[in-house]
Amino acid sequence: GGDGSAIDEFFSTKNSSVGELRDELQETVKEKVEESKKRGFIFFIDDLDRINPPTAVELLELLKNIFTLEYCVFVLAIDYDVVVKGLKPKFGELTDTNEREFRSFFDKIIQVPFTMPVSNYKIDSFLQQSLLEIGWLNTSQAQTTPLIGRISKTAQLTVSNNPRSLKRLLNNLSLIHCINASISDDNEKIN
C-alpha cells in the first residue's frame, strides 16, 4: 500500500526485517569496499517510469528504506510526471494545494535532482550521422545543411527531441531501408 507495509510483510516471511536486511547489506558493502580499496559503488536505475506508477513508488520507497547505505550512490532516471501518477492513491490528484506533499515525497528520496534539458538537444548532427550510418542518406546528402535542417524539423514536429523517440524513428527507417534493399535484390535476381 505505498507505506512500506508490503515490503515489511515480505521480509517478515523471510525471517528478516528491513532493518536487518539493510544492516547485512551495509556490512557486505563495507567489506567489499575495504577489500577492493575503492571508494564505493554507484548504482544506475533506469526506466522506473516505464512500470506501473504505484509499483514505481513502492520501489522508490524500497530504495529509501533498504538502500540508504554508506559507500553507495544511486542514480535514478525517472520521469517525475509519470511517477507522480503512482502517488495519487496516497495524496489524491495533484493540485496546487497538495503539490508540496508530492514534492516532499521526492525530496525525501532524491537528494540531488537534475532535469535533463531535452528541449536543448541539438539533433541535427545526431540525425545526420545516424541517417548516414543506416544508409538512408549518402555522403553528399548528409553534407546538405538545408536537407538536414528539414529532416530535423520534421523529426521535432513528429517525434520530438526525445532521444528514445528519435532512436525508435531511426530503427524504423533502418528496417524500411533493409526491406527496400531486400526487395531491390529480389527484383534484380528476377530480371
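Above this text is the structure in question.
Residues numbered from 1 in each chain as written. Predicted model: local features only at pLDDT ≥ 70, side-chain atom pairs only at ≥ 80, totals over all residues. Heavy atoms only, no water.

**Overview of the pairing of strand 1 (residues 41-46)**
Stage number 1. Judged from the six bridges that link them, strand 1 and strand 2 (residues 72-77) form a sheet pairing that is parallel. Its bridge partner being in strand 2, Ile45 is matched across the sheet by Leu76.
Stage number 2. What joins strand 1 to strand 2 is helix 3 (residues 53-66), and the crossover it makes is right-handed. (Pairing = 2+ DSSP bridges. Helix = DSSP H or I, 4+ residues; strand = E, 2+ residues; numbered from the N terminus. Right-handed = clockwise from strand over helix to strand, strands pointing away.)

**Some thoughts on helix 10 (residues 163-190)**
Stage number 1. Helix length check: helix 10, at 28 residues, gives a terminal C-alpha distance of 41 Å against a target of 40 Å (1.5 Å per residue), a fit within 8%.
Stage number 2. What helix 10 keeps buried is the set Ser165, Leu166, Leu170 and Leu173.
Stage number 3. Buried positions along helix 10 lie against helix 7 (123-133) and helix 9 (145-158). (Expected span 1.5 Å × (residues − 1). Buried < 20%, exposed > 50% of the residue type's maximum accessible area, 1.4 Å probe, protein only. Contact = heavy atoms within 4.5 Å.)

**A few points about the side chain of Gln26**
Stage number 1. Counting through the fold element by element, Gln26 comes out in helix 2 (residues 18-36).
Stage number 2. Looking at Gln26, the relative accessible area reads 19%, which means it is buried.
Stage number 3. Not counting residues within four places of it along the chain, the set of residues in contact with Gln26 comprises Leu69, Glu70 and Tyr71.

**Examining the layout of surface pockets**
Stage number 1. Considering only enclosed or pocket space, the largest pocket measures out at about 1,400 Å³ in volume.
Stage number 2. Around the largest pocket sit 34 residues that line it, and Leu76, Ala77, Ile78, Ile110 and Phe114 are the ones nearest its centre.
Stage number 3. Contributing elements (two or more residues each) for the lining of the largest pocket: helix 3, strand 2, helix 4 (80-84), helix 6 (99-109) and helix 10.
Stage number 4. In terms of residues, the lining of the largest pocket owes the most to one element, strand 2, which gives six residues.
Stage number 5. Residue composition of the lining of the largest pocket, grouped by class: 21 nonpolar, four polar and nine charged. (1 Å grid on protein atoms, 1.4 Å probe; cavity = no way out; pocket = protein on both sides within 12 Å on 5 of 7 lines; lining within 4 Å. Points joined across faces, edges and corners; volume = space filled by probe spheres on them. Nonpolar A, V, L, I, M, F, W, Y, C, P; charged D, E, K, R; others polar.)

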